[in-house]
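Here's the letter readout for the chains.
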Amino acid sequence: MSKVVFISKKRIQWYILLAAAVIVAGAYVGWHQTKAASAPVSQEPQVRNIVTGEFRSTSSSGKEIESYVFSPGTVVVKKGIPVELRITGVNGQSHPFVIEGLNLSGEVQKGKTTVIRFTPEAAGIYPIVCTTHNDPANGVPMVGYIVVQ
Ligand SMILES: [Cu+2]
């Protein structure tokens, strides 16, 4: 048993038009998905919190030993993604600092948080150095490290 179906020329044109519309819509949706997938995954800043602290002790000869520190002493971030460094002053009235290799500087004051924003472009180790407490004769230099991977 066979069945013959006649399709009019007008109906064929309609099917071709419908198929073309589906292809165009599919290409449009696909292009948009590709565009979204190639966009950066996240530009949320990499937030790193640091505090200024102090080590204090007395040597066996009775000499007072002290050193200000950045704590944590090392923070690790990824290159190419914005960084937000929040440094809060806990010990010490003031810590003016420079970040070597990144051309950044600032000051941390007791009870305040200094926020530094930058986007590291190259991997490396960048020292953050307090310019007040950097004399080895007065204790250990106050230095921390920003490791960019
Ligand atoms: Cu300092």
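In case you missed it, the structure is sitting above this.
Conventions we followed
Residues numbered from 1 in each chain as written. Predicted model: local features only at pLDDT ≥ 70, side-chain atom pairs only at ≥ 80, totals over all residues. Heavy atoms only, no water. Donors = N, O, S within 2.8 Å, 3.2 Å for Na, K, Ca; no water. Tetrahedral: all angles 85-135°; square planar, octahedral: opposite > 155°, others 65-115°. Pairing = 2+ DSSP bridges. Helix = DSSP H or I, 4+ residues; strand = E, 2+ residues; numbered from the N terminus. Axes fitted to C-alpha atoms, helices over the stretch in contact; angles between N-to-C directions. Core = buried A, V, L, I, M, F, W, Y, C linked by side-chain atoms within 4.5 Å. Buried < 20%, exposed > 50% of the residue type's maximum accessible area, 1.4 Å probe, protein only. Contact = heavy atoms within 4.5 Å.

What follows is about the coordination of the copper ion. For a metal with four donors in a tetrahedral arrangement, the ideal angle between donors is 109.5 degrees, while six donors in an octahedron ideally sit at 90 or 180 degrees. Only H95 (ND1), C130 (SG), H133 (ND1) and M142 (SD) from the protein coordinate the copper ion, and they sit 2.0 to 2.5 Å from it. Taken together, the four donor atoms surrounding the copper ion define angles of 89 to 131 degrees at the centre, an arrangement classified as tetrahedral. In the primary sequence, the donor residues of the copper ion line up as H-x34-C-x2-H-x8-M.

Now for the sheet that holds strand β8 (residues 124-130). With mixed pairing, five strands are arranged side by side in an open sheet as β3-β9-β8-β5-β6. Every interior strand has two partners, whereas the edge strands, β3 (74-77) and β6 (104-109), have only one. Along the sheet, successive strands turn relative to each other by an average axial angle of 20 degrees, direction set aside.

Right, let's talk about the nonpolar core for a bit. Counting 20 residues, the largest nonpolar core has F70, L85, I87, F97, I99, F118 and I146 as the members making the most contacts within it. Secondary structure elements with two or more residues in this core: β2 (64-71), β3, β4 (83-89), β5 (94-99), β7 (113-118), β8 and β9 (143-148). Sequence-distant contacts of I99, that is, excluding residues within four places in its chain, are made with L85, L104, Y126, P127, I128 and I146.

Between S71 and P72 the backbone carries a cis peptide bond, its omega angle lying at 0 degrees. Here P72 is to be found in the loop between β2 and β3. One non-glycine residue, N103, lies in the positive phi region at around 55 degrees.

Further remarks concern the pairing of β2. With eight bridges connecting them, strand β1 (residues 46-58) and β2 associate as antiparallel partners. Looking at the pairing, R56 lines up with E66 of β2. Linking two consecutive strands that pair antiparallel, namely β1 and β2, is a turn of five residues; a positive phi of about 90 degrees is found at G62 within it.

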